[in-house]
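Chain by chain, the residues:
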Amino acid sequence: MSKIIIVGVMALMFLSCNSNTKKSNLSAQNDTISKQDQSKLEASIIRGKNVYEDMCVTCHMPNGKGVPKAFPPLAGSDYLREKQTQSIKAVKYGMSGEILVNGITYNSTMSPLGLSDEEVADVMNYINNSWGNTIENFVTVEKVSEL
């Protein structure tokens, strides 16, 4: 019985350490936003993960690495980092034609997904803060609706 308790306590410690690390990393990345905005960002990221899993994962894969020469990566993407406005527009309206991502040319079509402005903001916040991405751009519904 005591072994079960010890294992349970160790599991809880591991899980709480892991989530605290993730929260502190997010906090460090977003020192420039208020605590209220940070809380909104964290909620947006959670919602964005659901949108990503429903709408984006087929092409961009669960790890965000895309499909070589077919669908560009989102993980470590220079395009995403350097062209946030174009990335938001791509999620909102779709895109076609050539783009250069990490030195590789992609020429696929991304159909419009029919997402609301909130869903676009949420999925962008998830992508900007996943797979090692640390893009300090809190995408709001207002920013999306301005495009």
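Provided above is the structure to which this section pertains.
Everything in this summary refers to the structure shown in the same document. (Residues numbered from 1 in each chain as written. Predicted model: local features only at pLDDT ≥ 70, side-chain atom pairs only at ≥ 80, totals over all residues. Heavy atoms only, no water.)

Moving on to helix H6 (residues 117-128). Compared with the 16 Å implied by 1.5 Å per residue over 12 residues, the 16 Å span of H6 between its first and last C-alpha is a close match. With nine of 12 residues buried, H6 is to be regarded as a mostly interior element. All of the buried residues in H6 are Val120, Ala121, Asp122, Val123, Met124, Asn125, Tyr126, Ile127 and Asn128. On its buried side, H6 packs onto helix H2 (35-55), helix H4 (78-82), helix H5 (84-93) and helix H7 (141-146). (Helix = DSSP H or I, 4+ residues; strand = E, 2+ residues; numbered from the N terminus. Expected span 1.5 Å × (residues − 1). Buried < 20%, exposed > 50% of the residue type's maximum accessible area, 1.4 Å probe, protein only. Contact = heavy atoms within 4.5 Å.)

Residues Gln84, Ser87, Ile88, Ala90, Val91 and Lys92 constitute the buried set of H5. Those residues of H5 that are buried are in contact with H4, H6 and H7. A positive phi of about 85° marks glycine 94, the residue just after H5.

Looking now at the pattern of salt bridges. This structure, assessed with the given rule, holds four salt bridges. Salt-bridge contacts for arginine 47 lead to aspartate 122; the nearest nitrogen and oxygen are separated by 2.8 Å. Residue arginine 47 is found in helix H2, and its partner aspartate 122 is found in helix H6; the two are separated by 75 residues along the sequence. The buried category is assigned to aspartate 122, whose relative accessible area is 5%. Two residues, lysine 92 and aspartate 117, come together in a salt bridge whose shortest N-O distance is 3.2 Å. Note that lysine 92 is positioned in helix H5 and aspartate 117 in helix H6, a separation of 25 residues in sequence. Of the residues examined, lysine 92 reaches a relative accessible area of 15% and is grouped as buried. Judged by relative accessible area, which is 23%, aspartate 117 ranks as partly exposed. Each of Arg47, Glu118 and Asp122 takes part in one network of salt bridges that share partners. (Salt bridge = Lys/Arg side-chain N within 4 Å of Asp/Glu carboxyl O.)

Among the secondary structure elements, asparagine 133 is positioned in the loop between H6 and H7. One polar contact links the side chain of asparagine 133 to the main-chain carbonyl oxygen of isoleucine 127, over a distance of 2.9 Å. (Polar contact = N/O pair within 3.5 Å; in protein donor to acceptor, adjacent residues only side chain to side chain.)

Axis separation between H5 and H6 bottoms out at 10 Å; the angle between their running directions is 130°. Taken as axis vectors, H5 and H6 run oblique relative to one another. By crossing handedness, the relation of H5 to H6 is classed as right-handed. Seen from H5, the contacting residues are Gln84, Ser87, Ile88, Val91 and Lys92; seen from H6, they are Asp117, Val120, Val123, Met124 and Asn128. For the contact of H5 with H6, a count of residues per class yields five nonpolar, three polar and two charged. (Axes fitted to C-alpha atoms, helices over the stretch in contact; angles between N-to-C directions. Parallel < 35°, antiparallel > 145°, perpendicular 65-115°, else oblique. Left-handed = near helix turned anticlockwise from the far one by under 90°. Nonpolar A, V, L, I, M, F, W, Y, C, P; charged D, E, K, R; others polar.)

Right, let's get into the packing of aromatic side chains. A full pass over the atoms with the stated rule returns three aromatic pairs. Seen from their ring centres, tyrosine 52 and tyrosine 126 are 5.6 Å apart, and the 50° between their planes marks the pair as tilted. Placement of the pair is tyrosine 52 in helix H2 and tyrosine 126 in helix H6, with a sequence separation of 74 residues. Exposure class is identical for tyrosine 52 and tyrosine 126. Each is buried. Both rings, one in tyrosine 52 and one in tryptophan 131, keep their centres 5.1 Å apart while their planes meet at 55°; by these two values the pair is tilted. Here the residue tyrosine 52 occupies a position in helix H2, and tryptophan 131 occupies one in the loop between H6 and H7, the gap between them amounting to 79 residues. Three or more aromatic residues link up through ring pairs in this structure, and these residues are Tyr52, Tyr126 and Trp131. (Phe/Tyr/Trp six-rings, centres within 6.5 Å; stacked < 30°, edge-to-face > 60°.)

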